[in-house]
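Here's the letter readout for the chains.
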Amino acid sequence: MEQLAQSIRALNRFAGEAPSGAILQAEAAVDAYVSNFHDRADKVVALDILLRDLARLRLRAPELDAFLDVVEGHIDDLHRDLARRPS
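Residues numbered from 1 in each chain as written. Predicted model: local features only at pLDDT ≥ 70, side-chain atom pairs only at ≥ 80, totals over all residues. Heavy atoms only, no water.

Draft legend 1. Local environment of the environment of H74. Along the polypeptide, H74 turns up in helix 4 (residues 65-84). Under the relative-accessibility criterion, H74 is labelled buried at 15%. Each C-alpha atom, one on H74 and one on E27, is 6.7 Å from the other, the two residues being 47 residues apart in sequence. With sequence-adjacent residues up to four places away left out, H74 is seen in contact with E27, V30 and D31. Of note is the side chain of H74, whose polar atom sits 2.8 Å from the side chain of D31. (Helix = DSSP H or I, 4+ residues; strand = E, 2+ residues; numbered from the N terminus. Buried < 20%, exposed > 50% of the residue type's maximum accessible area, 1.4 Å probe, protein only. Contact = heavy atoms within 4.5 Å. Polar contact = N/O pair within 3.5 Å; in protein donor to acceptor, adjacent residues only side chain to side chain.)

Here is the structure:
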């Protein structure tokens, strides 16, 4: 759980900074978080949990909507990539 909390804090920090590289940093934080899980099913669950927590962040900080849209798009891409891999 601490890994997830660290990832959410990192995404929130990157969103607050808002430089052009913030999205790349946020995507790297998501990739690093997911890389901690080795089983495909665990990665899928980790991505779902991350999406849920980003939805909570969106409720608390609606000014981050545009930033979170891009990060959630990256998570969706990771989901699709995992779905294409053979079981």
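Draft legend 2. Molecular detail of the pattern of salt bridges. For the structure on display, the rule yields seven salt bridges. When the shortest N-O distance is used, the salt bridge between D53 and R52 registers 3.0 Å. Judged by relative accessible area, D53 falls into the buried class, the value being 10%. Through salt bridges with shared partners, one network takes in R58, D65, D69 and E72. (Salt bridge = Lys/Arg side-chain N within 4 Å of Asp/Glu carboxyl O.)

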